[in-house]
Amino acid sequence: MSALATPFAPISAGRKRKDKVMRGLLAAATGVALVPLVLILYYLLKKGAGALSWHMLTSDPTGSFLGDPGGIKSAILGTVTMVALATAIAVPIGVGVALYLVEYGKESRFASVVRYFVDVMTGVPSIVFGLFIYITLVTSDLFSKGYAGWKGAVALSLLMLPVVTRSSEVVLALVPDSLREAALALGAPRWRVIARVVLPTAAPGLITGSLLAIARAAGETAPLLFTSALVFGTSFDLGHQMNSMPVQIFNDVGSARSEIVQRAWGTALTLVVMILLLTMAARLIARRSRVS
Amino acid sequence: MSALALSLPSRARYPDRALRWVLTALAGGILALIVFFFIRLISEANPAFSHFGVFDFVFRNDWDVSRSVYHAAPLVVGTLITSGIALVIGVPIAVAAALFLTELCPRRLRSPLTVMLELLAAVPSVVYGLWGFLVLAPKLKGAEHWFGSTFSFLPFVGPDVPGPNYFIAGLILAIMILPIVSAISREVVATVPGEHKEAALALGATRWETIRMAVLPYARPGITGGAMLGLGRAIGETIAVTLVIGNAPQIGKTIFSQGYTLAAVIANEFGEAANNQLHRASLIAAGLVLFVLTLLVNVLARWFVVRGTRGRVTKA
């Protein structure tokens, strides 16, 4: 800072050159940062588009070593089912906790401890959540033992929960107090203020946060490996093992058969397109509404 | 406000109390969940800790499934090496991109470039693994071999380059932490007061000098925090690393050696360990070590971010 205290000398050629070079470097670094995205999208399209076919999307993997390796129908449907259940668990709880933090807890000690624990949850590696669900749900005597779709969904919901809570808290805090006060002044009880004023005002933001959490959960592999596991057939029974796209890809990558590796690329392309659609939807909704 | 609420008939106050009670219970449930989570992990990992000793489990270099010996040092070291490489490669690029996007970029390009950078975060881990395993590792092998044999006089560099190795894993991790590190850096850089920059410019500083003398000193703690959050991500990243690390439980001699990480060993060996008490407990213990490691890094990171912004961050 002390350098700022004395006026600079007139800009010398050396300083000008340095300025140019450094600005160029910063721009170049931005370019470098975008290279991986371009490369990944390029390879996904090149290798994945060739693998995609109606047959692939509508048949189950056969699991046989020879002949037709089959498609990814069970994986797509499994991912959709489990993510839907995970959303049904994580979004109400996450929004509820955020409501508590914004409407009741505020700066109280208990609220800041809850905030801190939500932050801790954000940092837990996804594989550790997988382990946790394995030792509490898969091997416990409380429920029927073994892998099951709903256990995978619970693992995913643990990942989504802190994301939903944090983003909801930010949005709910943006709802102007004047709206709350106006409703209270009209004699509305607290719960009606929350249900009819706070939640509707914040709704687009809540949806955006939830969609981003869903996009994150849909691509997760690690929490599903030991909870819903890998299975070939399509099933809507959440009590049984359930296939999913990320686990299917993970399983196919190392295969010696080129058809199966091709299928991995096709699955990856499908998965990335699904996630990008969710992300774009979230962005559009976020742009449509500015709470403040 | 409470005076008004109290004056309502008690019939109307009843749902109020119920709602408050339910929401508080939910918040308390989160606390209970985390505590339960921690206790469960510790109790399930305990057989491994009591069998090998906590210190030995973490610091001895011997992980051998065939002899039923589980000491996690090769995994801890692998985790630290790969995330270290990720930081060295990823952070400078992420910070430079953040500086360019907030300070130098033409207004029209800013938002499309930012969105593209954030798209990197939308790509699932397993897809990074797929791409790294099938494309990046084979394509870079020649370059790594050339680098390894030309600069073999440097420490930790050698000509022996297997396909999957620490460096590839670190490179993939660097790409994966780019979006978060640059997003936080952008947020922090945006909080630098305009007066500071204008003062520097008015004194005749060039744009770069303004960045170096006005922007960076102000934003440094926040950027450090962002980098540490990225480190936390890199340490816990599982699937992408599992595919490109080589899965060899050893401490590699060079950055091109095969290795293993805490997260990868769990993903790979847990399936076969389900019926082996000690192996299972050891893997859960590895998970616990991993969790404690990320927790430490994240706590430090938050401290830096809070100190760096002092509550000045305008929520994006």
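Structure: see above.
We now turn to the structure provided with this report.

The rules we used
Residues numbered from 1 in each chain as written. Chains lettered and ligands numbered in written order. Predicted model: local features only at pLDDT ≥ 70, side-chain atom pairs only at ≥ 80, totals over all residues. Core = buried A, V, L, I, M, F, W, Y, C linked by C-beta atoms within 7 Å. Buried ≥ 20, exposed ≤ 12 C-beta atoms within 10 Å, placed from the backbone. Helix = DSSP H or I, 4+ residues; strand = E, 2+ residues; numbered from the N terminus. Contact = placed C-beta atoms within 7 Å. Pairing = 2+ DSSP bridges. Axes fitted to C-alpha atoms, helices over the stretch in contact; angles between N-to-C directions. Parallel < 35°, antiparallel > 145°, perpendicular 65-115°, else oblique. Left-handed = near helix turned anticlockwise from the far one by under 90°. Nonpolar A, V, L, I, M, F, W, Y, C, P; charged D, E, K, R; others polar. Expected span 1.5 Å × (residues − 1). Bend = angle between axes of the 7 residues up to and from the residue.

**Notes on the nonpolar core**
A general trend in soluble globular proteins is that nonpolar side chains are found buried together.
Argument step 1. Among the nonpolar cores identified, the biggest contains 194 residues, and Met160 and Ala268 of chain A together with Ala97, Ile172, Val244 and Ile266 of chain B are the most heavily contacted of them.
Argument step 2. When residues of this core are assigned to their parent elements, the largest contribution, 18 residues, is made by helix α7 (residues 166-189) of chain B.
Argument step 3. When neighbours within four sequence positions are excluded, Met160 of chain A is seen to be in contact with Ala86, Ala90, Ala213, Arg216 and Ala217 of chain A.

**Overview of the pairing of strand β2 (residues 69-72) of chain B**
All names here are of chain B.
Argument step 1. As paired strands, strand β1 (residues 61-64) and β2 are joined by 4 bridges and run antiparallel to one another. In the sheet register, Trp63 faces β2, and the bridge partner there is Tyr70.
Argument step 2. What sits between β1 and β2 in their antiparallel hairpin is a turn of 4 residues, with Ser68 showing a positive phi close to 55 degrees.

**Things to note about the packing of helix α3 (residues 73-105) of chain A against helix α8 (residues 190-218) of chain A**
All names here are of chain A.
Argument step 1. Direction vectors running N to C along α3 and α8 enclose 135 degrees, while the axes themselves pass 10 Å from each other. Of the possible angle classes, the one that applies to α3 and α8 is oblique. Viewed along their axes, α3 and α8 form a crossing whose handedness is right-handed. Counting all contacts with α3, which are made through Thr79, Val83, Ala86, Thr87, Ala90, Val91, Val95, Leu99 and Glu103, the residues of α8 involved are Ile194, Leu206, Ser210, Ala213, Ile214, Ala217 and Ala218.
Argument step 2. In terms of residue class, the contact of α3 with α8 is built from 12 nonpolar, 3 polar and 1 charged.

**Things to note about the interface of chain A and chain B**
Argument step 1. Taken together, the contacts link 73 residues of chain A with 76 residues of chain B.
Argument step 2. If you list the elements that add at least two residues to the side of chain A that touches chain B, you get α1 (13-51), α3, α4 (109-123), α5 (126-138), α8, α9 (222-225), α10 (245-253) and α11 (258-288) of chain A.
Argument step 3. The element best represented in the side of chain A that touches chain B is α1 of chain A, accounting for 18 residues.
Argument step 4. For the side of chain A that touches chain B, a count of residues per class yields 57 nonpolar, 9 polar and 7 charged.

**Considering helix α4 (residues 73-104) of chain B**
Argument step 1. Relative to the 46 Å expected for 32 residues at 1.5 Å per residue, α4 of chain B spans 45 Å between its end C-alpha atoms, a close match to the ideal helical length.
Argument step 2. Of all the bends in α4 of chain B, the greatest, near 30 degrees, is centred on Gly90 of chain B, and the proline Pro92 of chain B appears no more than four residues after it.

**Digging into unusual backbone geometry**
Residue and element names in this part refer to chain A.
Argument step 1. Positive phi, close to 50 degrees, is recorded for Lys106, a residue that is not glycine.
Argument step 2. As for its position among the elements, Lys106 is in the loop between α3 and α4.
Argument step 3. Residue classification places Lys106 among the exposed residues on the basis of 11 C-beta atoms within 10 Å.
Argument step 4. In this structure, Ala229 is a non-glycine residue whose phi angle is positive, near 60 degrees.
Argument step 5. In this fold, Ala229 is placed in the loop between α9 and α10.

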